[in-house]
Amino acid sequence: MKLIHTADWHLGQSFHGQERHAEHRAFLTWLLDTLLEHRTDALLVAGDIFDVVNPSLRAQELLYDFIVSAHERLPRLDIVLIAGNHDSGNRIELPAPLMRRLRTHALGRVSWLDDGRLNAQRLLVPLTDETGETRAWCLALPFLRPAEVTGSALAKHDDERAPSDTPNDYVAGISRVHGQLIEAARERREPGQALVAMSHAHLHGAAVSEASERPIVIGGEESISAALFPPEIAYVALGHLHRAQQVGEPRIRYSGSPLPLDFSEVAYPHQVVEVTLYGESLADTQAIPVPRPVALHRIGPGPLDRVLAELETLDNDPELARELWPWLEVRVELEAPIPDLRARVEAALKDKALRLLRLERRLPTVEGDTPAARIDLESLGPRRLFERTWESRWGEPPAEEVLADFDTLRQEVLDADDTDLSAREARP
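Residues numbered from 1 in each chain as written. Predicted model: local features only at pLDDT ≥ 70, side-chain atom pairs only at ≥ 80, totals over all residues. Heavy atoms only, no water.

Undergrad: Give me the overall build of the protein chain: which residues, what numbers.
TA: Counting its regular elements, the protein chain contains 12 helices and 17 strands. Counting every position in the protein chain, which comprises 428 residues, the buried fraction comes to 49%. Residue pairs at least 24 apart in sequence account for 72% of intrachain contacts in the protein chain once pairs closer than 6 positions are excluded. If you sum the accessible surface of the protein chain, you get close to 21600 Å²; carbon and sulfur atoms cover 49% of it. (Helix = DSSP H or I, 4+ residues; strand = E, 2+ residues; numbered from the N terminus. Buried < 20%, exposed > 50% of the residue type's maximum accessible area, 1.4 Å probe, protein only. Contact = heavy atoms within 4.5 Å. Areas by Shrake-Rupley, 256 points an atom, 1.4 Å probe, with all protein chains shown as cover.)

Structural data, given as structure tokens:
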């Protein structure tokens, strides 16, 4: 049978304040066509379906319209969704009874039996071929929050201690849950049926993105070992890390995000993974590249003159619909302050079908530039503090026009504060 593994859609993402519905809609349309073209038996979505726990109505419509359309075009397709760390598990599961009528299984959280054991049966999803025969079982494990796996429920099982090299209780709890689910799958499956695990987690040795992945646990001690997945697991479909990669062996993979979620991800290969199973074993995996509906350009870092020259070389298609204009990040290295930097960059982009999302100023390192010593802010005053900060950064005092701008901004803040205070005092 054939599976498509994908993850980290982040529907509803605000990209530096801009919505990306057109890009997500284009991806989901492409995915539908790909499922049909490859005669796929099951679609696995390994978490972070939405970008935030309370997604917009438009983001939710994208998901549910996709599920309905997939069922209309591929009535035998099984879809399995798990919640990621960006998702609300309760929200993912809320429409689950309706979605099951569309052969879609949504798992947002784990639950426990009265004796404290994992309720594993609800996390085991049968995957069927085009004849309706169960050919595999999906071990669908949603993202596990610390409170779910470090409480009293698992503590009842003194015989299920974590290995002595487990770094903390959270990782120990995750390990126990995986172990219990795998044991339940062994008991449930019949000869000839494959086991496919799906998890939203950070595995040891996997490469993280430069800027866009939210840490699962403060301190970064959430990573788990690939050894949790014994060889009898034919394939492990992972979500959370945006860079497509295998971890240790071809059967353990992050599909990566289908779209770059930050400018630091521009050069990543964005893809879904086609997985072919034969009996109980993995027969093949193939990466299917995802076309990029909206281009991302990352200019610089470099001096302003060079950056402006690069901007001139960018393709310009005025016939494009505005929602498909390329996103742009510009990084400028400065030797001295340029007060009108944004205006100069925007002038170079005038009449170009490009959307400037981010302008980064890279400041020079000043000799002796160390954290400021403790000072009495009250006696120093805002204006003098600004002058000292400017001089420590640029190596020279601010010009008169810069100080004039500072004074204007400060007065605006004071005026706004006075207005707010008056309004509060006028209330009964």
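Undergrad: Describe helix α1 (residues 21–37), naming the residues involved and giving the relevant values.
TA: Its 17 residues give α1 an end-to-end C-alpha distance of 24 Å, which sits within 8% of 24 Å, the value for a rise of 1.5 Å per residue. In the segment just after α1, R39 is the residue with positive phi, at about 50°. (Expected span 1.5 Å × (residues − 1).)

Undergrad: Pulling in residues and values, what's your account of the packing of aromatic side chains?
TA: Tallying each qualifying case throughout the model produces eight aromatic pairs. Both rings, one in W9 and one in F27, keep their centres 5.7 Å apart while their planes meet at 75°; by these two values the pair is edge-to-face. Of this pair, W9 sits in the loop between β1 (2–6) and β2 (14–15) while F27 sits in helix α1; the two residues are 18 residues apart in sequence, bridging distant segments of the chain. Overall, the relative accessible area of 1% leaves W9 in the buried class. Its relative accessible area of 2% is what places F27 among the buried residues. Ring geometry for F386 versus F406: centroids 4.5 Å apart, planes at 15°, classification stacked. Of this pair, F386 sits in helix α11 (residues 382–394) while F406 is found in helix α12 (residues 400–426), placing the two residues 20 residues apart along the sequence. Residue classification places F386 among the partly exposed positions, given a relative accessible area of 23%. Members of the aromatic cluster, joined through ring pairs, are W9, F27, W30 and F66. Just above the ring of F15 sits the side chain of R20; from NZ or CZ to the centre is 4.3 Å. (Phe/Tyr/Trp six-rings, centres within 6.5 Å; stacked < 30°, edge-to-face > 60°. Lys NZ or Arg CZ within 6 Å of the ring centre and 35° of its normal.)

Undergrad: Now, about unusual backbone geometry: what can you tell me, with residues and values included?
TA: Residue P301 is bonded to the preceding G300 through a cis peptide linkage, with omega at 5°. Tracing the backbone through its elements, the reader meets P301 in strand β15 (residues 296–302). Phi at R39 is positive, roughly 50°, even though this residue is not glycine. Locating R39 in the fold gives a position in the loop between α1 and β4 (42–46). Of the residues examined, R39 reaches a relative accessible area of 58% and is grouped as exposed. The residue D351 is not glycine, and still its phi comes out positive at about 70°. D351 gets classed as exposed once you look at its relative accessible area, which sits at 69%.

Undergrad: Describe the environment of E130, listing the residues and the values that go with them.
TA: Considering the arrangement of structural elements, one finds E130 in the loop between β7 (124–128) and β8 (134–141). Note on E130: relative accessible area 53%, which makes it exposed. Here the alpha-carbon distance between E130 and T40, two residues 90 residues apart in the chain, equals 8.9 Å. Ignoring any residue separated from it by four or fewer positions in sequence, one finds E130 in contact with R39, D41 and R76.

Undergrad: Can you explain the sheet that holds strand β14 (residues 281–289)? Please cite residues and give values.
TA: Strand order across the open sheet formed by six strands is β6-β5-β4-β1-β13-β14, with mixed pairing between neighbours. Where the open sheet ends on each side, the last strands, each with one partner, are β6 (104–107) and β14. For this sheet, the mean angle separating the axes of adjacent strands, direction not counted, is 20°. Pairing analysis gives four bridges linking strand β5 (residues 78–82) to β6, with the strands arranged parallel. In the strand pairing of β6, I82 is matched with L107. (Pairing = 2+ DSSP bridges. Axes fitted to C-alpha atoms, helices over the stretch in contact; angles between N-to-C directions.)

Undergrad: Can you explain helix α2 (residues 57–73)? Please cite residues and give values.
TA: In a regular helix each residue adds 1.5 Å, so 17 residues correspond to 24 Å; α2 covers 24 Å between its end C-alpha atoms and thus fits that length. Within the span of α2, buried status applies to A59, Q60, L62, L63, F66, I67 and A70. Burial along α2 is one-sided: seen end-on, the buried residues are contained in an arc of 155°. Of the exposed residues in α2, those oriented more than 90 degrees away from the buried face are L57 and E72. Here the buried face of α2 lies against α1, β4, β5, α3 (89–93), α4 (96–100) and β6. (Arc of directions from axis to C-beta.)

Undergrad: Lay out the nonpolar core in plain terms, naming residues and giving numbers.
TA: Side chains of nonpolar character tend, in soluble globular proteins, to be buried together. Core analysis: the largest hydrophobic core is formed by 57 residues, its most contacted members being L3, L127, L139, M198 and L277. No other element matches the eight residues that helix α7 (residues 169–188) contributes to this core. If we skip the residues at most four places from it in the chain, L127 touches M1, L3, A42, D78, V80, E133, T134, R135, A136 and C138. Of all hydrophobic cores here, the second largest spans 30 residues; its members include W30, L35, A70 and V272. (Core = buried A, V, L, I, M, F, W, Y, C linked by side-chain atoms within 4.5 Å.)

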